[in-house]
Amino acid sequence: MRGAAWALCTAHVATALLAPPSPAPKLTQRKAVLTVGTPLNWPDALDRLAYVREHGIDQFIEMWRRSQTLTRDDDLLWGDEVEYAILRVTDKQAKISLRGPEIRDALATKEEAHSYRTEGCAWHPEYGRWMVEGTPSRPYGGYAADLCRVERNMRLRRRRLLSELAEDEICPTLVTFPGFGVGDFATGCADLAPNGPVARSESVPDAVIHPHPRFATLTKNIRARRGGENVRARPPRFVDTKTPRDAPTTIEGLDAMAYGMGACCVQVTFQARDSTEARYCYDQLAALAPVMLALTAASPCWRGVLAATDARWDIISASVDDRTPAEDGRGLSDSDDRLAGSGVRQLPRSRYSSISRYAFECDGPAGQVRRFCDVDAPIDEQAYNKLKAAGVDEALSRHVAHLFVRDPLVLFEGLIEEVDDTTATDHFDNLQSTNWNTVRLKPPTGLGIGGIDSNPAEREPGWRTEFRPMEVQLTDFENAAFSVFTVLVTRVILAFDLSLYVPLSRVDANMRRAQRMNAATSEKFYFRRQLAPNEVSEAQKFVNCCGGDDDDVFEEMTCLEIIDGKGDYFPGLAPLAYAYLDHIGCDGDTLARLSTYIELVRKKASGEAVTGASWIRKFITEHPEYQQDSIVSPKIARDLAVAAHDVGLGLRPAPELTGGQVIRPITRSGAWDTRLSADKIPTKEERRELLARYARRGPFRGAQG
Ligand code: ADP
Ligand code: MG
Ligand code: MG
Ligand code: MG
């Protein structure tokens, strides 16, 4: 019986394979634009919240209606996002360097000048003033060869970022800098005193927040909505042999949004052919998210203390939690009709969380996906009724109405009633972009401005799914491997018509397990063992959610079993990826490259390659200055940051991290093109001096050694 499921999935290949996509459209470069305007403080915003919530739904419905009437069969386009930390280093200490916006602007200007190149980067502002985010300037296309662009583009990003740094700056891809929040840890700004009016943090100055007013307002309004109380994350403390017995069991003092939003991750966004496919991928990736979080875990240290966890998720979740005491059950608070749910509707999760509902509407009997939606997912009734009345299906209505149990956090004067609901989606985006879940369903953009039916080559993005759980890795090889692996898994799921559905309560359990120490090799995860249904017609798509009876479809598996397979009934994601590549006829060179990525993921699951968290933990605990007391001194934090930077640049080997893969060194050299200038060398003296220098030289022998 168990063997039959796998036999059936192979039989599916022929019918369900993705047709080779047409050439990737030439997309106009989308720039990182932040609205500049005056954001409203919370007391002023309160009276306008309902307007934004209500019109956000209208805008979604308008967009949805238009996307229904226009047929669209989009190509696979996809892209990653990598976040970097910029630090300034002396012999003794590293500090966060608050030059992020300045560096981003300089990079953006140079990218603009290089836009004639097909391969380029785009640089986006981040919450932290010491951070920048980089993406490819144009999304990757739907060919196997595009998968080889990923690491190349990531390396170009690192090279270009490096070229903009001062001599004493570094840009490691560390999830968190362990010295963040300890003593005098920032540089590059005049006022670095903590206890500022925005975050009111005892350890973090307001200057670490990106200077665009959106970010400070977000910080302030989250505090205000909570009832004036600081956010607070409490990761469990790792207890070492000399950790004082009376030390708190948690790491204290994480009292600012920056502790969480300052954590760096790698995200991947895929365009689906249509909304059905995007919603289906959303669900599958939500179930996969905890496994990928465990495999990429790389944040074992917070505020100078080793944690007993390996990943960032719960810390960010707490650091942006805007729930009132009544909403999260920590106390009582007054009902206020201006707030969503009057501020007293019970909300079981922070707005940064795993998902509460699957988004796909199963066309099987009685909507079978619904039986896996077994966690509390409150909805805004008014929004729900409006969506249903407009003809939006049950699952999508619930998905959107669940986003709208939150309030918009940043409102800009002049951009509220002024926004045209028939052409813009600002109010919908406001809620959407501050519901930070493991996956995000991104609807098409530009529907109102002729984007959709204009020249397909200039199309605005269609329905996309964004995968958000992964922690950033120290090397681009690892970041590329996990990004490519994720896109391959989505192809496998679609081509083999598989399903990863497990009840969401199990996904929640998996998220808790994924953050534990060494989860990649020590924990088990609820995973679907019956990936394909036993009996479906070849013509049906996305029917797997209906197969199997509840108690039999999933079981606990290790990451290695999930990646490599278990018994004769669960094929494993890596063999499926290879089968898929075989099926599409992937060429040998590409396959060789891709197999290094698939193998890295397998090695992370088997322990042959360690996770970033294990590597960092080992570096810290083996540092000569470490006292076995859980404390990570400024000098240890500094040495770690420098080592991480060097590993990223291929200057310090870390085969245990990369599974033996050698990272080719990255330097500033060649970051930007050198123009073959025809401009006259300005003065006679300069020309003469230059010629004289080269006239004296012997023949150039560099190439012959
Ligand atoms: P956000 O921060 O909102 O998640 P970003 O613009 O930072 O979005 O990153 C989005 C990623 O999606 C980038 O890697 C980009 O290359 C990629 N991308 C751009 N257009 C498309 C598209 N049409 N389909 C899929 N991915 C796209
Ligand atoms: Mg981004
Ligand atoms: Mg980002
Ligand atoms: Mg993103």
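All of the points below concern the structure found in this document. (Residues numbered from 1 in each chain as written. Chains lettered and ligands numbered in written order. Predicted model: local features only at pLDDT ≥ 70, side-chain atom pairs only at ≥ 80, totals over all residues. Heavy atoms only, no water.)

1. Topic: the packing of aromatic side chains
The condition that has to hold: Aromatic pairs are defined between Phe, Tyr and Trp rings, using the six-membered ring for Trp, whenever the two ring centres lie within 6.5 Å; interplanar angles under 30 degrees are classed as stacked, those over 60 as edge-to-face, and all others as tilted. Per the convention used, a helix needs a DSSP run of H or I reaching at least four residues, while a strand needs a run of E reaching at least two, with both numbered from the N terminus. Three exposure classes are used, based on accessible area relative to the maximum for each residue type with a 1.4 Å probe and protein chains only: buried under 20%, partly exposed in between, and exposed over 50%. Distance and angle both matter: a charge sits over a ring if NZ of Lys or CZ of Arg is within 6 Å of the ring centre and within 35 degrees of the ring normal.
Following the criterion strictly, the structure yields 19 aromatic pairs and no others. Residues Phe477 and Tyr597 carry aromatic rings whose centres are separated by 5.8 Å and whose planes lie at 45° to one another, so their mutual orientation is tilted. Taken together, the residues span a long stretch of sequence, with Phe477 in helix α14 (residues 476-495) and Tyr597 in helix α19 (residues 588-606) at a distance of 120 residues. Note on accessibility: Phe477 and Tyr597 belong to one class, buried. Looking at Arg398, its charged tip hangs above the ring of Tyr384, at a distance of 4.8 Å from the centre. The positively charged end of Arg617 is found above the aromatic ring belonging to Phe238, 5.5 Å away from the centroid.

2. A look at the site of ligand 1
Keep this limit in mind: Here a residue counts as near a molecule or strand whenever at least one of its heavy atoms sits within 4 Å of it. As used in this structure description, the phrase polar contact means that two N or O atoms lie within 3.5 Å; if the pair is within protein, one of them must be able to donate a hydrogen and the other to accept it, and residues adjacent in sequence are counted only when both atoms belong to side chains. Calculation of accessible area relied on Shrake-Rupley with a 1.4 Å probe; when residues are assessed, cover is drawn exclusively from the protein chains displayed. Gly is placed with the polar residues, together with every amino acid not listed as nonpolar (Ala, Val, Leu, Ile, Met, Phe, Trp, Tyr, Cys and Pro) or charged (Asp, Glu, Lys and Arg).
Residues in contact with ligand 1 amount to 17 residues; listed here are only the nearest, Asp80, Glu81, Glu133, Lys442 and Glu466. Contact distances for ligand 1 include 2.8 Å between an oxygen atom and a backbone N or O atom of Asp80. In the model, an oxygen atom of ligand 1 is placed 3.0 Å from a nitrogen or oxygen of the Lys442 side chain. Surface burial for ligand 1 is 78%, taken as the share of its 580 Å² of free accessible area covered by protein chains. The set of elements that each furnish at least two residues to the shell around ligand 1 consists of β1 (78-85), β5 (131-136), β8 (266-271) and β14 (464-467). With four residues, β1 is the largest single contributor of residues to the shell around ligand 1. Along the lines of polarity and charge, the residues of the shell around ligand 1 split into six nonpolar, five polar and six charged.

3. Things to note about the environment of Arg214
Position of Arg214 relative to the elements: it lies in helix α6 (residues 213-225). Overall, Arg214 belongs to the partly exposed group, its relative accessible area being 21%. Separated by 174 residues in the primary sequence, Arg214 and Leu40 have C-alpha atoms spaced 9.6 Å apart.

4. Points about the sheet that holds strand β6 (residues 169-170)
Picture the strands of a sheet paired through backbone hydrogen bonds; they go either parallel or antiparallel. For clarity, the cut-off: Any two strands between which DSSP finds at least two bridges are classified as paired.
The sheet built from four strands is open, its strands ordered β6-β2-β3-β7 with mixed pairing. At either end of the open sheet lies a strand with only one pairing partner, and these are β6 and β7 (186-187). Looking at chain direction, strand β3 (residues 94-97) and β7 are connected through two bridges and run parallel. Bridge pairing in β7 links Ser97 to Thr187.

5. Brief notes about the coordination of the magnesium ion (ligand 4)
Inclusion rule: Only N, O and S atoms count as donors, using a 2.8 Å limit from the metal and a wider 3.2 Å limit for Na, K and Ca, and since water is excluded some coordination spheres may look unfilled.
On the protein side, the magnesium ion (ligand 4) has Glu81 (OE), Glu81 (OE), Gln267 (OE1) and Glu466 (OE) as donor atoms, found 1.9 to 2.5 Å from it. Site description for the magnesium ion (ligand 4): donor spacing in sequence, E-x185-Q-x198-E. Between the magnesium ion (ligand 4) and the magnesium ion (ligand 2) the interatomic distance amounts to 3.9 Å, and Glu81 serves as a bridging ligand to the pair. Placement of the pair is Glu81 in strand β1 and Gln267 in strand β8, with a sequence separation of 186 residues. Here Gln267 falls in the buried class, since its relative accessible area comes to 7%.

6. Structural notes on the coordination of the magnesium ion (ligand 3)
For the magnesium ion (ligand 3), every protein donor is listed as Glu83 (OE), Glu126 (OE) and Glu133 (OE), and the spread of their distances is 2.0 Å. Ordering the donors of the magnesium ion (ligand 3) by residue number gives the pattern E-x42-E-x6-E. The magnesium ion (ligand 2) is placed at 4.2 Å from the magnesium ion (ligand 3), the two being bridged by Glu133. Residue Glu83 is found in strand β1, and its partner Glu126 is found in the loop between β4 (121-124) and β5; the two are separated by 43 residues along the sequence. Each of the two residues, Glu83 as well as Glu126, counts as buried.

7. Description of helix α4 (residues 100-113)
The line we're drawing: Multiplying one less than the number of residues by 1.5 Å gives the expected span of a helix. The arc under discussion is defined with respect to the helix axis, by the directions toward the C-beta atoms. Any two residues having at least one pair of non-hydrogen atoms within 4.5 Å are treated as being in contact.
Here α4 contains 14 residues, and its C-alpha end-to-end distance of 20 Å stays within 8% of the 20 Å for a straight helix at 1.5 Å per residue. Those residues of α4 not exposed but buried are Gly100, Pro101, Ile103, Arg104, Leu107 and Glu111. Relative to the axis of α4, the buried residues are bounded by an arc of 155° and lie together on one face. Considering only its buried residues, α4 is in contact with β3, β4, β5, α5 (149-163) and β6.

8. Things to note about a nonpolar patch on the surface
Basically, it comes down to this: Each patch is built from residues that are more than 30% exposed by relative accessible area and take part in no salt bridge. Like charges join if they lie within 9 Å; nonpolar side chains (Val, Leu, Ile, Met, Phe, Trp, Tyr) join within 5 Å. Salt bridges are defined by distance alone: a side-chain nitrogen of Lys or Arg within 4 Å of a carboxyl oxygen of Asp or Glu.
A contiguous nonpolar patch, built from Ile681, Leu690 and Tyr694 and spanning about 270 Å² of accessible area, is present on the exposed surface. Along the chain, the position of Ile681 falls in the loop between α22 (655-658) and α23 (684-695).

9. Considering the packing of α5 against α14
Helix-helix packing is characterised by the crossing angle of the two axes and by the distance between the axes. Let me state the cut-off plainly: Angular values range over 0 to 180 degrees, each being the angle between N-to-C directions of two axes fitted as lines to C-alpha atoms, with helices fitted over their stretch in contact. Any angle that is under 35 degrees is reported as roughly parallel, and any over 145 degrees as roughly antiparallel; angles of 65 to 115 degrees are reported as roughly perpendicular and all others as oblique. In a left-handed crossing the near helix is turned counterclockwise from the far helix by less than a right angle, and in a right-handed crossing that turn is clockwise.
α14 packs onto α5 with a crossing angle of 140° between their chain directions and a minimal axis gap of 9 Å. In terms of orientation, α5 lies oblique with respect to α14. In this structure, the crossing between α5 and α14 has a hand that is right-handed. Taking contact as the criterion, the partners of Val150, Glu151, Met154, Arg155 and Arg158 in α5 are, on α14, Asp476, Phe477, Asn479, Ala480, Ser483 and Val484.

10. Description of the pattern of salt bridges
Evaluated as defined, the whole model comprises 55 salt bridges. Close ionic contact of Arg349 with Asp508 constitutes a salt bridge, the shortest N to O distance being 2.8 Å. Taken together, the residues Arg349 in the loop between α10 (325-328) and β11 (352-353) and Asp508 in helix α15 (residues 504-514) connect sequence positions 159 residues apart. Across the pair, Asp508 and Arg349 agree in class, each one buried. Put simply, Glu361 and Arg370 hold a salt bridge, and the shortest N to O gap is 3.8 Å. Judged by relative accessible area, which is 26%, Glu361 ranks as partly exposed. Residue classification places Arg370 among the partly exposed positions, given a relative accessible area of 41%. Each member of the salt-bridge network shares a partner with another, and the members are Arg53, Arg225, Asp322, Glu327, Arg351 and Asp407.

So yeah, pure geometry; function would need other evidence.
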